[in-house]
Every structure is written in C-alpha cells, then in structure tokens.
Amino acid sequence: MNLHRWQSLATAMLYVLVIVLAVMVVANRHHARQLFGELQQMQKERDQLSANWSRLILEQSTQLNQVRVEDQAKNVLGMQKPTADNTQVILE
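For the structure given in this document, a descriptive report is provided here. Note that the coordinates shown come from a computational prediction; the quantities given were computed from them, not determined experimentally.

1. Overview of the overall build of the chain
- A count of helical and extended segments in the chain gives two helices and zero strands.
- In terms of overall size, the chain is more extended than a compact globule, its C-alpha atoms giving a radius of gyration of 37 Å where 92 residues would be expected to give roughly 12 Å.
- Here the C-alpha coordinates of the chain stretch approximately 120 × 35 × 15 Å along the principal axes.
- Among the 92 residues that make up the chain, the fraction classed as buried is 1%.
- Counting only carbon and sulfur atoms, one obtains 62% of the accessible surface of the chain, whose full area is about 9,300 Å².
- Each charge class in the chain was averaged separately, 9 positive and 8 negative side chains, and the resulting centres sit 22 Å apart.

2. Structural notes on the pattern of salt bridges
- Using the criterion set out here, one finds three salt bridges in the structure.
- Here Glu70 and Lys74 are joined by a salt bridge, their closest N and O atoms 3.4 Å apart. Within this pair, Glu70 and its partner Lys74 are both found in helix H2 (residues 66-75), separated by four residues, close to a single helical turn.
- Residue Lys74 is classed as partly exposed on the basis of its relative accessible area, which comes to 44%.
- Notably, a salt bridge pairs Lys81 with Glu70, separated by 3.8 Å at the nearest N-O pair. Pair noted here: Lys81 is in the segment after H2 and Glu70 is in helix H2, with a separation of 11 residues, a long-range link.
- The exposure class of Glu70 is partly exposed, given its relative accessible area of 29%.
- A cluster of three or more residues bridged by salt bridges with shared partners is formed by Glu70, Lys74 and Lys81.

3. Re a nonpolar patch on the surface
- A cluster of nonpolar residues, Leu14, Val16, Leu17, Val20, Leu21 and Met24, forms a patch on the protein surface that exposes about 550 Å² of accessible area.
- Take Val20: it is sitting in helix H1 (residues 2-63).

4. Overview of the environment of Gly78
- Examined against the element boundaries, Gly78 turns out to sit in the segment after H2.
- Taking the C-alpha atoms as reference points, Gly78 and Ser61, 17 residues apart in sequence, are found 23 Å from one another.

Quick notes on the rules
- Residues numbered from 1 in each chain as written.
- Predicted model: local features only at pLDDT ≥ 70, side-chain atom pairs only at ≥ 80, totals over all residues.
- Heavy atoms only, no water.
- Helix = DSSP H or I, 4+ residues; strand = E, 2+ residues; numbered from the N terminus.
- Rg over C-alpha atoms; globule rule 2.2 N^0.38 Å.
- Buried < 20%, exposed > 50% of the residue type's maximum accessible area, 1.4 Å probe, protein only.
- Areas by Shrake-Rupley, 256 points an atom, 1.4 Å probe, with all protein chains shown as cover.
- Lys, Arg positive; Asp, Glu negative; His and termini not counted.
- Charge placed at Lys NZ, Arg CZ, Asp CG, Glu CD.
- Salt bridge = Lys/Arg side-chain N within 4 Å of Asp/Glu carboxyl O.
- Patch = residues over 30% accessible without salt bridge, like charges linked within 9 Å, V, L, I, M, F, W, Y side chains within 5 Å.

What follows is the structure, encoded as structure tokens:
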C-alpha cells in the first residue's frame, strides 16, 4: 500500500512538473516573439537613421561645395575676389 501511494504521488508530481514546464515554454516563446518584434523595429529605425545620415552627409558636401560657397559669398554677402591692387603682402 505504501509503495502504491508513493508511485501515485510521484506520478502526480511528474504531471505537475510537465504542466509547469509547458507553461514556461509558452511564456518563453511569447517573450522571444516580443523581443524579435522589438529587434525588427530597432533594425527599421537603424535603417531610417542610416538613410538620414547619408542624406545629411550629401547635403553637407553640397553646402560646402566651392562653387556654392563662392556664389553665396558674391550674391548674399556682396563679396568679390581681391584684385592685385587690393592685395597687400605683409612681411614679418
């Protein structure tokens, strides 16, 4: 009788253990899916930031283009290239 009781108790504990492990597997899969969703969102954000960075670098190179700088200096600031008469050499 005592052996039968231990076997029943062991069987019941194994059933409980299997159920607990099954719930843990489901919870872990759910968590993994959430993390994968976050990863995809962050990768999308990274790609957008990378594209923005490329556009900014291109814009910066355009802004610093010598022709554009010269044009802005002439038209906006009213500057002109110095002539030989306007140039002074200072010796130290």
